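# Remarks on the overall topology
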Amino acid sequence: MSDYNVGIVGLGWVAGAHIETFKSVKGANVTAICSRRQHDPDDLKAEYGVSLKPYTDYEEMLADPEIDIIDICTPHPFHPDQAVAAAESGKHLIIEKPISISYPEAKRIQAAVKDNQVQSCVCFECRYSKHFTLIRSTIDQGLLGDLHYGEVDYYHGIGPWYGQYEWNVKKDFGGSSLLTAGCHALDSLLFFMDGQVEEVTSYQTKSKGKYFELYEYQTTSVTLLKFEGSERLAKVTSCVDCLQPYYFHIHLVGSDGSLLDNRIYSDKLKGMNKDKWSTLETSLIDSGDVSDHPYEPQFQAFVDSLKQGKAMPLTDFDTAFETHRVVFAADLSAEESRTVKLSELD
């Protein structure tokens, strides 16, 4: 089977990370880009180290029969139209998060993916990190027992020093703190806790700091979650207006132990000291720099699944859609100052 050809729409910071990643992915190559700006092929090769056919017309790129996968790396509000058009052109999809900034638009993508029978990878790549793989292993091996509480918090100050700040501050581009950034934390929580969320209650606030005054939406949210059929509870904080190092906080509490970031106590491991954490050495999710994100194992899993004609593990469209559904329910809760049941979002 020949390699899959990937066309990237949007040529910014994230696209550069994707291009670099695909150099290490077996079975797929980035062969084209689409940007509003004119690009010389020689300049692109000098900058990215691979031959790229430049397009300024997205429809023209979609009409290229040699392109098999469209990789969407544009700002958030452009994702729905670009994803639907790609699906209707029979192209498989890689979509950066969030897939949209409204629930109806997310459902529109869902319908297009289903109706056109294309496969999709949504960039919740943290599920493929060594850190989260290790955490999931402790859960699967029963070291924590039955989880009854979890919290995953995302602290990443997105101020003028950050690449996407200029457009991210706008409500119709960033959407919300959860949509633009904290969805990584909420997705991680769902990865660890299993089961379906029954209801959410969310609150929002905003820093008075000078670096964040241009934001058109509340930049910190705290969301409480209750899971179906049990008394399991969870919390997710999304904070993009903090002045501190990037921090992905994880705390899971179960019947046989607890995990804090990369530290553990388990009653199943005899000889451990309950008064002291034991460290699990691994590579942590400790940077907001996309070049540090674990795209390679995620994209490799997507390409391998395409060859097998099936949905990819962990970050397929349906799994990612459910994360977005919980995000939209949380934002609705904060907006209307009430608890929202997930059944309200059909």
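Everything discussed here concerns the structure shown above.
Every value quoted in this text rests on a predicted model; they were computed, and no experiment measured them.

What counts, and at which threshold
Numbers given to residues run from 1 along each chain, matching the order in which its sequence is written. Two thresholds apply to this predicted model, a pLDDT of at least 70 for residue-level local features and 80 or more for giving and counting side-chain atom pairs, whereas whole-chain, interface and lining totals are computed over all residues. Only hydrogens and water are set aside; all other atoms, that is, all heavy atoms of the structure, feed into the side-chain values. Numbered from the N terminus, helices here are DSSP runs of H or I no shorter than four residues, and strands are runs of E no shorter than two. Put simply, the radius of gyration uses C-alpha atoms, and a globule should come to 2.2 Å times the residue count raised to 0.38. Relative accessibility under 20% of the residue-type maximum defines a buried residue, over 50% an exposed one, and the middle range a partly exposed one, all with a 1.4 Å probe and only protein chains included. We define a salt bridge as a side-chain nitrogen of Lys or Arg found within 4 Å of a carboxyl oxygen belonging to Asp or Glu. Being paired, for any two strands, means DSSP has found at least two bridges between them. The axes used here are C-alpha line fits, helices contributing only the stretch in contact, and every angle between their N-to-C directions lies in the interval 0 to 180 degrees. Buriedness for pockets is judged along seven lines, at least five of which must meet protein on both sides within 12 Å for an open set on the 1 Å grid over protein atoms alone, while cavities are sets there where a 1.4 Å probe fits but cannot get out, and lining residues have an atom within 4 Å of a point. Grid points are joined across faces, edges and corners, and a volume is the space filled by probe spheres set on the points. Each residue receives one of three labels: charged for Asp, Glu, Lys and Arg, nonpolar for Ala, Val, Leu, Ile, Met, Phe, Trp, Tyr, Cys and Pro, and polar for the others, Gly being one of them. We call two directions roughly parallel when the angle between them is under 35 degrees, roughly antiparallel when it is over 145, roughly perpendicular when it lies between 65 and 115, and oblique otherwise. The hand of a helix crossing depends on one turn: near helix anticlockwise from the far one by less than a right angle means left-handed, and clockwise means right-handed. What makes two residues a contact is simply this: any of their non-hydrogen atoms within 4.5 Å. Orienting the strands away from the viewer, one traces the path from the first strand over the helix to the second; a clockwise path indicates a right-handed crossover.

## Some thoughts on the overall build of the protein
- For the protein, the helix and strand inventory stands at 11 helices and 15 strands.
- By the compact-globule yardstick of 20 Å for 346 residues, the protein fits well, its C-alpha radius of gyration being 20 Å.
- Overall, the protein is about 60 × 45 × 40 Å in size when its C-alpha atoms are taken along their principal axes.
- Across the 346 residues of the protein, 55% fall into the buried class.

## Regarding the pattern of salt bridges
- For the coordinates displayed, the defined rule picks out 14 salt bridges.
- A salt bridge links D153 to K235; its shortest N-O distance comes to 2.9 Å. With D153 in strand 7 (residues 147–155) and K235 in strand 10 (residues 233–239), this pair connects stretches of sequence that are 82 residues apart.
- Taking relative accessible area as the criterion, K235 reaches 17% and is therefore assigned buried.
- Salt bridges sharing partners connect three or more residues here, namely D81, E105 and R108.

## Overview of the sheet that holds strand 2 (residues 28–34)
- Spatially, 3-2-1-4-5-6 is the arrangement adopted by the six strands of the open sheet, whose pairing is parallel. Unpaired on one side and paired on the other, strand 3 (53–55) and strand 6 (120–122) mark the two borders of the sheet. Strand after strand, the sheet turns through a mean of 25 degrees between neighbouring axes, direction not considered.
- Pairing of strand 2 with strand 3, which is carried by three bridges, proceeds in the parallel orientation. Bridge pairing in strand 3 places C34 opposite Y55.

## Quick word on the layout of surface pockets
- Put simply, the largest pocket is a space of about 910 Å³.
- Lining the largest pocket are 37 residues, with G12, C73, T74, P75 and W167 sitting closest to its centre.
- Its residues placed into classes, the lining of the largest pocket shows 17 nonpolar, 15 polar and five charged.
- When its volume is computed, the second largest pocket comes out at roughly 310 Å³.
- Along its surface, the second largest pocket is lined by 15 residues, and I101, K171, D331, L332 and E335 are the ones closest to its centre.
- Among the elements of the structure, helix 8 (171–174) and helix 11 (317–336) are those that each provide at least two residues to the lining of the second largest pocket.
- The leading source of residues in the lining of the second largest pocket is helix 11, at four residues.

## Things to note about the packing of helix 5 (residues 103–115) against helix 11
- Packing of helix 5 against helix 11 leaves a shortest axis separation of 10 Å and a crossing angle of 165 degrees. Comparing the axis directions of helix 5 and helix 11 gives the class roughly antiparallel. In the packing of helix 5 onto helix 11, the handedness of the crossing is left-handed. For the pair formed by helix 5 and helix 11, the contact residues are Y103, A106, K107, I109, Q110 and V113 on the first element and F317, F321, R325 and F328 on the second.

## Overview of the pairing of strand 2
- With five of its seven residues buried, strand 2 lies for the most part within the structure.
- Note that strand 1 (residues 4–9) and strand 2 share six bridges and pair parallel. Bridging across to strand 2, G7 finds its partner in A32.
- Note that the unit made of strand 1, helix 1 (residues 13–22) and strand 2 has a crossover that is right-handed.
- Of the crossover connections in this fold, the one passing from strand 2 over helix 2 (residues 41–48) to the parallel strand 3 is right-handed.

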